[in-house]
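Each chain, letter by letter, is given below.
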Amino acid sequence: MSLPKLPIYFAPLQGYTEADYRNAHAAVFGGIAGYYTPFVRVETGGFRNKDVRDISPFNNKVDNLTVQFLANNQEKAEKILAFFAEHQCKTIDINMGCPFPMLAKRHNGSGILPYPDEVKALLSVIEKHPDMKFSVKMRLGWDDPNECLAIAPILNELPLDHITLHPRLGKQQYKGEVDLIGFAAFAELCKHPLIYNGDLETVEDIEDIHQQFPQIAGVMIGRGLLKNPALALEYQTGERLSESELRQRFKQMHALVLAQYESRMEGGDLQMLNKLKTFWEYPEEAIGRKTWKNIKKSINMDKYRTALSQGGLL
Ligand SMILES: Cc1cc2nc3c(=O)[nH]c(=O)nc-3n(C[C@H](O)[C@H](O)[C@H](O)COP(=O)(O)O)c2cc1C
């Protein structure tokens, strides 16, 4: 049976999918139904300049942007929501999936999942802001896949737009296989539109997960899109880009990102170089091992440009 195409959402990846990257991706590749910002959190009582820049409407050119936050209690959540409101951000995702032990041990991200009362308290902010649209991004649990089943009734009661589920446990980080049995068990209980997230790297992977879970409302992809930014476009059009077309678009996307960095980064070459290297970290396979190695070992912008032009990327 052939199923209609699913919407694809670009997952938030701290350090990779900031505004410059998202804007350039939308302009050159597209195929994405919505982009998410990496999580914003309260740090030493305030917000990082980079988070202000990342959510500001002036810096965002994509059509459907969701801003994400991470907090372990209502008070911090309210502070972040006020910050979002100040910047006209009204489509909000709540992070209950982050696995970093330093954050999780204080019941942030997936660290909150074993505590239904704390989940309930945190999510009580949703009903206080009827002008905002909320979603939740979560894992199966911190150390037990039954944790998501225990909080399903709380989630079902709330006016959520959707839930995105990454079927791993927090304590696994990104190791081990995704747990599709755990995903199916949550899907059974969940009354909201459900988006699948995890380990989708090819058009076939997307089609397979859709066949297995015909009821899902979409898929969210992170690393698969960093590796191949054309993945969503290829799925939506049903056509693969040729190697030279892909390289051409990589060149265009990189040129847009580089122009933005050049116009605003004041920390000198090294800061820019380090940030640019992250752009090429995942697409090693597409650009070739040799080119990636040359990029990685470049010690200044001249060497970086030489590495790119030798790889046909400048
Ligand atoms: C380096 C890195 C940073 C991430 N940052 C965030 C984040 O800020 N917010 C979030 O919800 N998930 C974050 N994630 C998780 C991804 O959004 C996604 O759920 C995960 O990578 C699994 O999807 P994938 O297999 O398609 O990459 C991050 C993952 C990685 C590897």
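### Remarks on the overall build of the chain
Right, so step 1: Tallying secondary structure elements over the chain gives 15 helices and eight strands in all.
Right, so step 2: A globule of 314 residues ought to have a C-alpha radius of gyration of about 20 Å, and the chain, at 20 Å, matches this closely.
Right, so step 3: Along the longest, intermediate and shortest principal axes, the C-alpha atoms of the chain span 55 × 50 × 35 Å.
Right, so step 4: Here the chain, with 314 residues, has 39% of them falling under the buried criterion.

### Examining the site of the ligand
Right, so step 1: In the neighbourhood of the ligand, 21 residues make up the surrounding shell, with Ala11, Gln14, Pro38, Gly222 and Arg223 lying closest.
Right, so step 2: Residues of the shell around the ligand, tallied by class, amount to eight nonpolar, 10 polar and three charged.

### Thoughts on helix 7 (residues 180-189)
Right, so step 1: Among the residues making up helix 7, those that are buried are Gly182, Phe183 and Phe186. Along the axis of helix 7, the buried residues cluster in a sector spanning 100 degrees; they form a single face. Facing away from the buried side of helix 7, by more than 90 degrees, are the exposed residues Ile181, Ala184 and Glu188.

### Things to note about the pairing of strand 8 (residues 218-221)
Right, so step 1: Alignment of strand 1 (residues 8-10) against strand 8, held across three bridges, turns out to be parallel. In the strand pairing of strand 8, Phe10 is matched with Ile221.
Right, so step 2: In the classification by handedness, the crossover that spans strand 7 (residues 194-197), the intervening helix 8 (residues 203-212) and the parallel strand 8 is right-handed.

### A word on helix 6 (residues 146-157)
Right, so step 1: Of all the positions in helix 6, only Glu147, Cys148, Ile151 and Leu155 are classed as buried. Summarising the axial view, the buried residues of helix 6 lie within an arc of 80 degrees, below the 170-degree limit, and thus occupy one face. Turned more than 90 degrees from where helix 6 packs its buried face, Asn146 and Pro153 sit exposed.
Right, so step 2: Where helix 6 is buried, its residues touch helix 5 (116-123), strand 5 (133-141), strand 6 (162-169) and helix 7.

### Digging into the domain arrangement of the chain
By convention, interface size is frequently given as the accessible area that disappears when the constituent parts associate.
Right, so step 1: In terms of domain boundaries, the chain breaks down into domain 1 (8-237) and domain 2 (243-310).
Right, so step 2: Taking the mean C-alpha position of each, domain 1 and domain 2 sit 28 Å from one another.
Right, so step 3: In this assembly, 15 residues from domain 1 lie in contact with 13 residues from domain 2.
Right, so step 4: Broken down by secondary-structure element, the contributors of at least two residues to the side of domain 1 that touches domain 2 are helix 1 (19-28) and helix 9 (223-227).
Right, so step 5: By residue number, the principal contributor to the side of domain 1 that touches domain 2 is helix 1, which donates six residues.
Right, so step 6: Residues that form the side of domain 1 that touches domain 2 fall into these classes: nine nonpolar, three polar and three charged.

### Considering the nonpolar core
Right, so step 1: Core analysis: the largest hydrophobic core is formed by 76 residues, its most contacted members being Ile8, Tyr9, Phe10, Phe69, Val219 and Ile221.
Right, so step 2: Taken domain by domain, this core gets at least three of its residues from each of domain 1 (8-237) and domain 2 (243-310).
Right, so step 3: Other than its neighbours up to four places away in sequence, Ile221 contacts Ile8, Phe10, Ala11, Leu200 and Leu231.

### Things to note about the sheet that holds strand 6
Right, so step 1: Ordered by their spatial adjacency, eight strands build a closed barrel running 1-2-3-4-5-6-7-8, and the pairing between neighbours is parallel. Going from strand to strand, the sheet's axes swing by 30 degrees on average, the running direction of each strand aside.
Right, so step 2: Inspection of the sheet shows strand 4 (residues 91-96) paired to strand 5 by six bridges, in the parallel sense. The partner of Ile92 across the bridge, within strand 5, is Phe134.

Here is what the cut-offs are and how they apply
- Residues numbered from 1 in each chain as written.
- Predicted model: local features only at pLDDT ≥ 70, side-chain atom pairs only at ≥ 80, totals over all residues.
- Helix = DSSP H or I, 4+ residues; strand = E, 2+ residues; numbered from the N terminus.
- Rg over C-alpha atoms; globule rule 2.2 N^0.38 Å.
- Buried ≥ 20, exposed ≤ 12 C-beta atoms within 10 Å, placed from the backbone.
- Near = placed C-beta within 6 Å.
- Nonpolar A, V, L, I, M, F, W, Y, C, P; charged D, E, K, R; others polar.
- Arc of directions from axis to C-beta.
- Pairing = 2+ DSSP bridges.
- Right-handed = clockwise from strand over helix to strand, strands pointing away.
- Contact = placed C-beta atoms within 7 Å.
- Domains from an automatic or database assignment.
- Core = buried A, V, L, I, M, F, W, Y, C linked by C-beta atoms within 7 Å.
- Axes fitted to C-alpha atoms, helices over the stretch in contact; angles between N-to-C directions.

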